[in-house]
Amino acid sequence: MTVDVDFSIYPPGLVLMVFEFTDQLWNLLYFEKFFGDWRSFLGSGNSWFDPKFKCPPVMDSMPDLLSYQDYASQSSDTSLLTSLYNYGFKTNSTKLGDVTSYESMIVLLVLIIALRLFKMMVVPQFSSLGRMLGRREHGLEWEKENQIRIVKF
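Residues numbered from 1 in each chain as written. Predicted model: local features only at pLDDT ≥ 70, side-chain atom pairs only at ≥ 80, totals over all residues. Heavy atoms only, no water.

Chemist: Quick question: what am I supposed to make of the pattern of salt bridges here?
Modeler: Note that side chains of opposite charge can pair when their charged atoms are close. Considering all chains together, one arrives at 2 salt bridges under this definition. Here E143 ties to R131 by a salt bridge, and the two come within 3.2 Å at their closest N and O atoms. With E143 in helix 7 (residues 140–145) and R131 in helix 6 (residues 102–138), this pair connects stretches of sequence that are 12 residues apart. The class for E143 is buried, based on a relative accessible area of 11%. By sharing partners, the salt bridges in this structure join R131, R135 and E143 into a single network. (Salt bridge = Lys/Arg side-chain N within 4 Å of Asp/Glu carboxyl O. Helix = DSSP H or I, 4+ residues; strand = E, 2+ residues; numbered from the N terminus. Buried < 20%, exposed > 50% of the residue type's maximum accessible area, 1.4 Å probe, protein only.)

Written out as structure tokens, the structure is:
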């Protein structure tokens, strides 16, 4: 379900951000339960502090994103790898765009592990290449004095 929100009546973005932060803090500290809305203390009427200008949660105004389960039930891909590739790279507005979804967390974890494995294999190769080039250009003494440079190479 999507909610259409007319943001033209709301205050500027920076003011809205401060108000939203105050709303979240007020709710986090359970002040609303005892004192009511903090905006009611500051006045009502047509000011920005009026509770009618309270912004709805952002996630309520966003459309639902396509999950992999929904995509798999709609698509005619036969292999798993093709299906994952098409879902990740050829489909618009998937759950991968939402950082808080499980799918994007799994993809992020796989990417981190893949990059760490890549670095684990490549860094020693570049280190030995730097050692070899330094030894050839400057001699053995330079290699002993510049171990940090070789590792960083």
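Chemist: Is there a simple way to explain helix 6 in this structure?
Modeler: An α-helical turn contains 3.6 residues, so a residue and the one three or four places further along point in the same direction. When the terminal C-alpha atoms of helix 6 are compared, their 52 Å separation across 37 residues agrees well with the 54 Å that a helix rising 1.5 Å per residue should span. Close packing links the buried residues of helix 6 with helix 4 (68–74), helix 5 (80–89), helix 7 and helix 8 (147–152). Residue G139 follows helix 6 closely and has a positive phi angle near 100°. (Expected span 1.5 Å × (residues − 1). Contact = heavy atoms within 4.5 Å.)

Chemist: Would you take a moment to explain a nonpolar patch on the surface for this structure?
Modeler: Together, F21, L25, L28, L29, Y30, F31, F34, F35, F41, L42 and F49 make up a nonpolar patch on the protein surface, roughly 1200 Å² of accessible area in all. Among the elements of the structure, helix 1 (13–28) and helix 2 (31–35) are those that each provide at least two residues to the nonpolar patch. Along the polypeptide, F31 turns up in helix 2. (Patch = residues over 30% accessible without salt bridge, like charges linked within 9 Å, V, L, I, M, F, W, Y side chains within 5 Å. Areas by Shrake-Rupley, 256 points an atom, 1.4 Å probe, with all protein chains shown as cover.)

Chemist: Would you explain the packing of aromatic side chains in this entry?
Modeler: Where two aromatic rings form a pair, the distance of their centres and the angle of their planes describe that pair. Tallying each qualifying case throughout the model produces 4 aromatic pairs. Between Y68 and Y87, the ring centres sit 5.3 Å apart and the planes meet at 75°, which makes this aromatic pair edge-to-face. Here Y68 is found in helix 4, whereas its partner Y87 is found in helix 5, with 19 residues between them in sequence. Accessibility expressed as a relative area gives 4% for Y87, which makes it buried. Measuring from ring centre to ring centre gives 5.2 Å for Y85 and F89, while their planes differ by 45°; the resulting arrangement is tilted. Within this pair, Y85 and its partner F89 are both found in helix 5, separated by 4 residues, close to a single helical turn. For Y85, a relative accessible area of 43% puts it in the partly exposed group. A network of ring pairs unites the aromatic residues Y68, Y71 and Y87 as a single cluster. (Phe/Tyr/Trp six-rings, centres within 6.5 Å; stacked < 30°, edge-to-face > 60°.)

Geometric values such as these leave the question of function open.
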